[in-house]
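Structural features, examined
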Amino acid sequence: MSGAKHDDPRALLASYLTQLAEAGEKDICLSSETVALVRGAASSQSGESGAAQTHERPRASQAPDVSQGTSVPLNRAVERPRETEAPQRLSVGEKAALLPELEPIEVKLALGPATADPDMFVEASHLGSCTCLDEIERISLACEKCELAGTRINVVFGAGDENADLMFVGEAPGANEDREGIPFIGRAGALLDKIIEAAGFRRENVYISNILKCRPPNNRTPLSSEIAACVPLLAKQIEIIAPRIICTLGLPATQTLLGVKGSMGSLRGKVYAQGNLKVIPTYHPAAALRDPKYKRPMWEDFLRIRKEYDKL
Ligand code: SF4
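Presented here is an overview of the structure given in this document. (Residues numbered from 1 in each chain as written. Predicted model: local features only at pLDDT ≥ 70, side-chain atom pairs only at ≥ 80, totals over all residues. Heavy atoms only, no water.)

1. Some remarks on the site of the ligand
Taken together, Cys143, Lys145, Cys146, Ala149, Arg152, Lys213, Cys214, Ala229, Cys230 and Leu233 make up all the residues around the ligand. When its residues are assigned to classes, the shell around the ligand shows 7 nonpolar, no polar and 3 charged. (Near = heavy atom within 4 Å. Nonpolar A, V, L, I, M, F, W, Y, C, P; charged D, E, K, R; others polar.)

2. Some remarks on the nonpolar core
Counting 34 residues, the largest nonpolar core has Leu111, Ile136, Met167, Val169, Leu234, Ile246 and Leu257 as its most contacted members. Elements supplying a minimum of two residues to this core: α6 (133-141), β5 (166-170), α9 (224-241), α10 (251-258) and β9 (277-282). Ignoring sequence-local partners within four residues, the contact set of Met167 consists of Tyr207, Ser209, Leu234, Gln237, Ile238, Ile241, Pro243, Ile245, Ile246 and Cys247. One finds Phe168, Phe184, Leu191 and Ile208 within the second-largest nonpolar core, a separate group that totals 20 residues. (Core = buried A, V, L, I, M, F, W, Y, C linked by side-chain atoms within 4.5 Å. Buried < 20%, exposed > 50% of the residue type's maximum accessible area, 1.4 Å probe, protein only. Helix = DSSP H or I, 4+ residues; strand = E, 2+ residues; numbered from the N terminus. Contact = heavy atoms within 4.5 Å.)

3. What about α6?
Of the residues making up α6, those classed as buried are Leu133, Ile136 and Ser140. Along the long axis of α6, the arc covered by the buried residues comes to 65°, so they all point the same way. (Arc of directions from axis to C-beta.)

4. With respect to the pairing of β5
Taken across its 5 residues, β5 has 5 buried, putting it largely inside the fold. Residues Leu166, Phe168 and Gly170 line one face of β5 and the alternating positions Met167 and Val169 line the opposite face, and both faces are buried. For β5 and strand β7 (residues 245-249), the ladder comprises 4 bridges, and the chain directions are parallel. The partner of Met167 across the bridge, within β7, is Ile246. Relative to strand β6 (residues 207-210), β5 runs parallel, the two sharing 4 bridges. Across the sheet, the residue bridging to Met167 is Tyr207, located in β6. (Pairing = 2+ DSSP bridges.)

5. Topic: the sheet that holds β7
Strand pairing in a sheet takes place through backbone hydrogen bonds and is either antiparallel or parallel in direction. Here we have 7 strands laid out as an open sheet, ordered β3-β8-β9-β7-β5-β6-β4, and mixed in their pairing. Each edge of the open sheet carries a strand with a single partner, namely β3 (105-106) and β4 (159-160). Sheet contacts for α9: β5, β6 and β7; angle to β5, the most-contacted strand, approximately 170°. (Axes fitted to C-alpha atoms, helices over the stretch in contact; angles between N-to-C directions.)

6. Quick word on the packing of aromatic side chains
This structure, assessed with the given rule, holds 3 aromatic pairs. Ring centres of Phe168 and Phe302 lie 5.7 Å apart, and the angle between their planes is 15°; on these two criteria the pair is classed as stacked. Highlighted residues: Phe168 in strand β5 and Phe302 in helix α13 (residues 295-310), separated in sequence by 134 residues. This pair shows no difference in class: Phe168 is buried, exactly as Phe302 is. Measuring from ring centre to ring centre gives 4.5 Å for Tyr283 and Tyr294, while their planes differ by 40°; the resulting arrangement is tilted. Pair noted here: Tyr283 is in the loop between β9 and α12 (285-290) and Tyr294 is in the loop between α12 and α13, with a separation of 11 residues, a long-range link. With relative accessibility at 23%, the residue Tyr294 sits in the partly exposed group. (Phe/Tyr/Trp six-rings, centres within 6.5 Å; stacked < 30°, edge-to-face > 60°.)

7. Points about helix α8 (residues 187-198)
Under the 1.5 Å per step criterion, the end-to-end length of α8 is 17 Å for 12 residues, consistent within 8% with the ideal 16 Å. Listed as buried for α8 are Ala188, Gly189, Leu191, Leu192, Ile195 and Ile196. Angularly, the buried residues of α8 cover 160° about the axis, an arc narrow enough to put them on a single face. Exposed side chains of α8 directed beyond 90 degrees from the buried face belong to Arg187, Lys194 and Glu197. Structurally, α8 contributes buried residues whose contacts are with β5, β6, β7, α12 and α13. (Expected span 1.5 Å × (residues − 1).)

8. Digging into the pattern of salt bridges
Within this structure, the stated rule accounts for 14 salt bridges. The closest approach of N and O atoms between Lys311 and Glu101, which form a salt bridge, is 2.8 Å. Remark: Glu101 occurs in the loop between α4 (92-97) and β3 and Lys311 occurs in the segment after α13; sequence separation between them is 210 residues. On the basis of relative accessible area, Glu101 is assigned to the exposed category, the value being 53%. (Salt bridge = Lys/Arg side-chain N within 4 Å of Asp/Glu carboxyl O.)

9. Observations regarding the side chain of Thr256
When you line up the elements, Thr256 lands in helix α10. A distance of 2.6 Å separates a polar atom in the side chain of Thr256 from the backbone oxygen of Pro252. When residues no more than four places from it in sequence are discounted, the contact partners of Thr256 are Ala110, Ile211, Ile227 and Val231. (Polar contact = N/O pair within 3.5 Å; in protein donor to acceptor, adjacent residues only side chain to side chain.)

Right, here's the structure in full:
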């Protein structure tokens with residue numbers, strides 16, 4: 001090795017590592033920059049003098065040469081990512097906080113008697129005296145206000161924390177829910193549970209219900225007459241629970257609560273407000289199961305829910 005090479009810090013480092021390897025050092029951890037530096041020096045050494053070609057290499061089985069073709073017998077040199085190279089993982093709250101603020105759109109929720117079927121007033125007045133969810137549930141279990149009473153197995157009233165700040169409102173029970181009497185327990189329910197937890201909530205700390213408490217045959221879309229007959233139960237649930245945020249799942253729930261028409265694509269991605277109550281629509285998890293393209297916007301809506309919840 002010439003004197004000039006000894007003045008080159010890269011060549012000195014390569015020489016030092018070579019000595020370590022020959023001394024039997026098994027593990028040498030280097031940053032990616034150092035490995036690149038050493039490879040450069042090693043190539044340079046090899047090309048200039050050929051001295052390395054006369055150097056006895058460790059056997060491959062003992063010492064894999066990561067310098068890939070250079071004469072520097074680095075013994076299992078490992079590229080160790082620098083701390084600053086480690087990917088920064090943001091918590092869901094931090095991701096939510098990065099979302100831009102949205103000015104809530106003032107609405108009047110379509111749950112009052114003004115939008116309801118005249119028959120509903122009678123039911124609503126009975127409901128008016130209820131002061132807890134158990135009383136409303138008793139009324140719903142005996143309800144025959146629409147023809148779904150004749151085909152249901154169970155009334156699926158709702159489940160969760162009666163004092164929840166966050167409430168989910170879906171469309172109607174499916175086959176599993178009808179059989180068990182519990183909302184969102186099928187595949188769509190499993191997906192909803194996953195997203196709820198990914199957004200940093202726990203199912204037992206939120207409240208989950210539907211606009212219809214009985215299953216429409218073959219999971220068909222609820223009829224407007226069925227919604228009109230059933231919505232007083234939901235209105236009373238909301239009054240008792242008094243959530244600060246309602247997430248509507250799917251178009252029927254979104255249109256029913258907001259009292260508007262429009263596609264899910266045009267209604268989601270926004271925050272609606274009536275006083276202290278905010279409504280954040282998103283796709284029904286069953287839609288995301290049918291077509292995964294809905295999962296991303298759904299997740300964005302859940303981040304929005306997280307953001308609004310963290311501001312409470
Ligand atoms: S869907 Fe609602 S209104 Fe119809 S029977 Fe069931 S509880 Fe009553």
